[in-house]
Amino acid sequence: MANQGQLTGNAGLNYVLWQLSRRGWHAMPTIRNARGSDILATDAAESVFLGIQSKALSKRNPVPLGTDLAKLRSDWWVITIHANADQPICFIMTLDEVRELAHRGEKDGRVTYWLQPKAYDHEAFRNAWDRLGTPVLN
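Residues numbered from 1 in each chain as written. Predicted model: local features only at pLDDT ≥ 70, side-chain atom pairs only at ≥ 80, totals over all residues. Heavy atoms only, no water.

1. Notes on the packing of aromatic side chains
Next, step 1: Within the structure shown, the criterion is met by two aromatic pairs.
Next, step 2: Their ring planes at 40 degrees and their centres at 5.7 Å tell us that Tyr15 and Trp18 sit as a pair that is tilted. Of this pair, Tyr15 and Trp18 both sit in helix H1 (residues 4–22), three residues apart, which is roughly one turn of the helix.
Next, step 3: Given a relative accessible area of 18%, Tyr15 falls into the buried group. (Phe/Tyr/Trp six-rings, centres within 6.5 Å; stacked < 30°, edge-to-face > 60°. Helix = DSSP H or I, 4+ residues; strand = E, 2+ residues; numbered from the N terminus. Buried < 20%, exposed > 50% of the residue type's maximum accessible area, 1.4 Å probe, protein only.)

This is the structure in structure tokens:
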């Protein structure tokens, strides 16, 4: 049985897939829990390919990024807050922006990185689907 975190992740992932599809991208999820992108998207001409990391949250919380920013892969990141609500909000960011805005924390000698809400919750990222470009439709 899925826990609430898995349901939130699924809700966010499927919301992002829906948003991409309605904008003309051919988007599909990758294998669950595999390293790398959660979503692969391409235009109809298969001339543009996007790897997207999806992070879904039930509320406006920090996004965990792990212990090594160099291991982050996807060129694009979509952070969805209120993923279980009727109108989720997405923040579309590049990998470079995620790395640049990451917060470094340390506890008991262990370093972890987080993307704080004040870092991702900006108008430039909010529902900024146009940042991904316009897919070729034929």
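After that view of the structure, there is still more to cover.
2. Some remarks on the sheet that holds strand E4 (residues 63–66)
Pairing between the strands of a sheet is mediated by backbone hydrogen bonds and can be parallel or antiparallel.
Next, step 1: Overall, antiparallel pairing links the three strands, which are arranged E4-E8-E7 in an open sheet. The open sheet terminates on both sides in strands that have one partner only, identified here as E4 and strand E7 (103–107). Ignoring strand direction, the axes of neighbouring strands in this sheet form an average angle of 40 degrees.
Next, step 2: Examined bridge by bridge, E4 and strand E8 (residues 110–115) share three bridges and lie antiparallel to one another. Paired with Val63 across the two strands is Leu115, which belongs to E8. (Pairing = 2+ DSSP bridges. Axes fitted to C-alpha atoms, helices over the stretch in contact; angles between N-to-C directions.)

3. Focus on the pattern of salt bridges
Next, step 1: Counted under the stated rule, the structure contains five salt bridges.
Next, step 2: The residue Glu106 makes a salt bridge to Arg104 at a minimum N-O spacing of 3.4 Å.
Next, step 3: In this structure Arg104 comes out as partly exposed when scored by relative accessible area, which is 48%.
Next, step 4: Residue Asp121 pairs with Arg126 through a salt bridge whose shortest N-O separation is 2.6 Å. (Salt bridge = Lys/Arg side-chain N within 4 Å of Asp/Glu carboxyl O.)

4. A short note on H1
Since the α-helix advances by 3.6 residues per turn, residues separated by three or four positions end up pointing in the same direction.
Next, step 1: Over its 19 residues, H1 extends 27 Å from the first C-alpha to the last, a length consistent with the 27 Å expected when each residue adds 1.5 Å.
Next, step 2: Considered for burial, the residues of H1 that qualify are Thr8, Gly12, Leu13, Tyr15, Val16, Leu17, Gln19 and Leu20.
Next, step 3: In this structure, the buried side of H1 is in contact with strand E1 (26–29), strand E2 (39–42), strand E3 (49–56), strand E5 (76–81) and strand E6 (89–94).
Next, step 4: Where H1 begins, one side-chain oxygen reaches toward the backbone nitrogen of Gly5, 2.9 Å away; that side chain belongs to Asn3.
Next, step 5: Phi for Gly24, located one or two positions after H1, is positive at around 100 degrees. (Expected span 1.5 Å × (residues − 1). Contact = heavy atoms within 4.5 Å. Polar contact = N/O pair within 3.5 Å; in protein donor to acceptor, adjacent residues only side chain to side chain.)

5. So, unusual backbone geometry
Next, step 1: Although it is not a glycine, His82 sits at a positive phi angle of roughly 55 degrees.
Next, step 2: Within the element layout of this structure, His82 appears in the loop between E5 and E6.
Next, step 3: Its identity as a non-glycine residue notwithstanding, Asn127 has a phi of 50 degrees, on the positive side.
Next, step 4: The exposure class assigned to Asn127 is partly exposed, which follows from its relative accessible area of 37%.

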